[in-house]
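Descriptive analysis of the structure
As a plain string of letters, each chain reads:
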Amino acid sequence: VEVAFLQFFAQVLAGYVAARFAGRDAVIHGSFAALLLYLVGSAITLAADPDAVSMVTLALFAVVAAILGSAGGLLGDRRA
């Protein structure tokens, strides 16, 4: 359970960092960064144990990753 929260936090952070580097469309960049992070984590999980997760769960958490990355992108887009 702790690993899941750590991954969620990392997705928000990835969205934030991507938004800070993005010149424009920060929310989209944040979403893509979180999805890329999710893709890498899912590939590692599936390589270790292919039957660990169902495809429905993978798709659901991909949507969650996109939302969290967008939230991080929105936070990163706020210019001080």
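This text gives an overview of the structure that appears in the document. Nothing here was measured: the structure is a model prediction, and the numbers come from that model.

**A closer look at helix α1 (residues 2-21)**
Its 20 residues place the ends of α1 29 Å apart at the C-alpha level, agreeing with the 28 Å of an ideal helix rising 1.5 Å per residue. Listed in full, the buried residues belonging to α1 are Gln11, Ala14, Gly15, Ala18 and Ala19. On an axial view of α1, the arc spanned by its buried residues comes to 130°, and they lie on one face. Away from the buried face of α1 by more than 90 degrees, exposed residues Glu2, Val3, Phe5, Leu6, Phe9 and Phe21 are located. The inward-facing, buried residues of α1 abut α2 (26-48) and α3 (55-77).

**Comments concerning the environment of Gly72**
Residue placement: Gly72 occurs in helix α3. C-alpha of Gly72 to C-alpha of Leu46: the two residues are 26 residues apart in sequence and 26 Å apart in space. Excluding its chain neighbours within four sequence positions, the residues that come into contact with Gly72 are Val12, Gly15, Tyr16 and Ala19.

**Considerations on α2**
Look at α2: 33 Å from first C-alpha to last across 23 residues, which is about the 33 Å you get at 1.5 Å a residue. Buried residues of α2: Ala26, Gly30, Ser31, Ala33, Ala34, Tyr38 and Ser42, and no others. On its buried face, α2 sits against α1 and α3.

**Some thoughts on unusual backbone geometry**
Excluding glycine, residues mostly carry a negative phi; peptide bonds, for their part, are mostly trans. Within the chain, Asp25 stands out as a residue other than glycine whose phi angle is a positive 55°. Tracing the backbone through its elements, the reader meets Asp25 in the loop between α1 and α2. In this structure Asp25 comes out as partly exposed when scored by relative accessible area, which is 48%.

**Considering the environment of Ala66**
With respect to the helices and strands, the residue Ala66 is situated in helix α3. The spacing of Ala66 and Val3 is 63 residues in sequence and 18 Å in space, taken between C-alpha atoms. Apart from residues no more than four positions distant in its own chain, Ala66 is found in contact with Ser31 and Leu35.

**A closer look at a nonpolar patch on the surface**
Judged by side-chain polarity, Leu6, Phe9, Leu13, Tyr16, Val17, Phe21 and Leu75 come together as a nonpolar surface patch covering roughly 760 Å² of accessible area. Of all the elements, α1 adds the most residues to the nonpolar patch, at 6 residues. Take Leu13: it is sitting in helix α1.

**Observations concerning the packing of aromatic side chains**
Following the criterion strictly, the structure yields 2 aromatic pairs and no others. On the basis of an interplanar angle of 80° and a centroid distance of 6.5 Å, the ring pair of Phe5 and Phe8 is categorised as edge-to-face. Placement of both Phe5 and Phe8 in helix α1 is noted, with a separation of 3 residues, approximately one turn of the helix. Judged by its relative accessible area of 24%, Phe8 is partly exposed. Through successive ring pairs, a cluster of aromatic residues spans Phe5, Phe8 and Phe61.

The rules we used
- Residues numbered from 1 in each chain as written.
- Predicted model: local features only at pLDDT ≥ 70, side-chain atom pairs only at ≥ 80, totals over all residues.
- Heavy atoms only, no water.
- Helix = DSSP H or I, 4+ residues; strand = E, 2+ residues; numbered from the N terminus.
- Expected span 1.5 Å × (residues − 1).
- Buried < 20%, exposed > 50% of the residue type's maximum accessible area, 1.4 Å probe, protein only.
- Arc of directions from axis to C-beta.
- Contact = heavy atoms within 4.5 Å.
- Patch = residues over 30% accessible without salt bridge, like charges linked within 9 Å, V, L, I, M, F, W, Y side chains within 5 Å.
- Areas by Shrake-Rupley, 256 points an atom, 1.4 Å probe, with all protein chains shown as cover.
- Salt bridge = Lys/Arg side-chain N within 4 Å of Asp/Glu carboxyl O.
- Phe/Tyr/Trp six-rings, centres within 6.5 Å; stacked < 30°, edge-to-face > 60°.

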